[in-house]
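The primary structure of each chain is shown beneath.
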Amino acid sequence: MKRLHLATTAVLTAALAVPAAPAVAGTGSDSRAAVAGQSQGWDDRSDRDRRDGDRDRHRHQHWRGFTVVGVIEDVDLDDREIRVDRRRGSDRTLEVHRFTRIRIDGDRARLADLAEGDRVLVRGVKKHGDRYALRIWADRD
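The shown structure was predicted, so the numbers you read here are calculated from the model rather than taken from an experiment.

A word on a positive patch on the surface
On the surface, Arg-101, Arg-103, Arg-108 and Arg-135 cluster together into a positively charged patch. Among the secondary structure elements, Arg-103 is positioned in strand β3 (residues 91–104).

Pasting the structure below:
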């Protein structure tokens, strides 16, 4: 009895593992014809998803981190930008967003609290040529 039960179970399991015959045979010129209820649109969507995944992976390669150390030359509240003199004969203009974390002497601060002459360390990201400040640490003399 046990052998008959095991044999029947094995046959039924094997039958489930074998794919069913195609419900609709593909007659079009496309080599990826619909098989067993799988439509052409589903194949296209999976290809598109793969392409989108590649695009997402490459999108982050355009973001570059940076660190700027220097003295604030100018704070533009209207455009939300600061210009930092790096003491190397050049300065950097950095965009400051509302999500940028600003600290002055260890205390939380706002963009309006920054002043000309503050020594700063800025960490941020660069994308498409623009520099965005993510964190600003300022020291006052």
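Read on for the rest.
Thoughts on the pattern of salt bridges
In a structure, side chains of opposite charge can pair up when their charged atoms sit close to one another. Evaluation of the coordinates by the stated rule reveals five salt bridges. Notably, a salt bridge pairs Arg-140 with Asp-118, separated by 3.0 Å at the nearest N-O pair. In this pair, Arg-140 sits in the segment after β6 (130–139) while Asp-118 sits in the loop between β4 (107–109) and β5 (119–127), placing the two residues 22 residues apart along the sequence. For Arg-119, the salt bridge goes to Asp-139, with nearest N and O atoms at 3.8 Å.

What to know about the pairing of strand β1 (residues 64–76)
Judged from the eight bridges that link them, β1 and β5 form a sheet pairing that is antiparallel. Paired with Gly-70 across the strands is Val-120, a residue of β5. Taken together, the five bridges between β1 and strand β2 (residues 81–85) define a ladder with antiparallel strand orientation. Paired with Asp-74 across the two strands is Arg-83, which belongs to β2. Between β1 and β2, which pair antiparallel and follow one another directly, the connecting turn spans four residues, one of which, Arg-80, has a positive phi of 55 degrees.

So, the packing of aromatic side chains
On inspection of all chains with the given rule, the structure shows zero aromatic pairs. The side chain of Arg-131 reaches across the aromatic face of Phe-66, ending 5.4 Å from its centre.

As for the environment of Asp-79
Topologically, Asp-79 is positioned in the loop between β1 and β2. Take Asp-79: its relative accessible area is 51%, and that puts it in the exposed class.

A short note on the confidence of the model for the protein chain
Looking at the protein chain, pLDDT values average 75 and 55% of them are 70 or higher. Here helix α2 (residues 40–59) is the element of the protein chain with the lowest mean pLDDT, 52, and β4 is the one with the highest, 95. Throughout residues 31–36 the model reports pLDDT below 50, and contacts reaching past four residues in sequence, or to other chains, amount to 11 contacts.

Rules and cut-offs
Residues numbered from 1 in each chain as written. Predicted model: local features only at pLDDT ≥ 70, side-chain atom pairs only at ≥ 80, totals over all residues. Heavy atoms only, no water. Patch = residues over 30% accessible without salt bridge, like charges linked within 9 Å, V, L, I, M, F, W, Y side chains within 5 Å. Areas by Shrake-Rupley, 256 points an atom, 1.4 Å probe, with all protein chains shown as cover. Salt bridge = Lys/Arg side-chain N within 4 Å of Asp/Glu carboxyl O. Lys, Arg positive; Asp, Glu negative; His and termini not counted. Charge placed at Lys NZ, Arg CZ, Asp CG, Glu CD. Helix = DSSP H or I, 4+ residues; strand = E, 2+ residues; numbered from the N terminus. Pairing = 2+ DSSP bridges. Phe/Tyr/Trp six-rings, centres within 6.5 Å; stacked < 30°, edge-to-face > 60°. Lys NZ or Arg CZ within 6 Å of the ring centre and 35° of its normal. Buried < 20%, exposed > 50% of the residue type's maximum accessible area, 1.4 Å probe, protein only. pLDDT = per-residue confidence, 0-100. Contact = heavy atoms within 4.5 Å.

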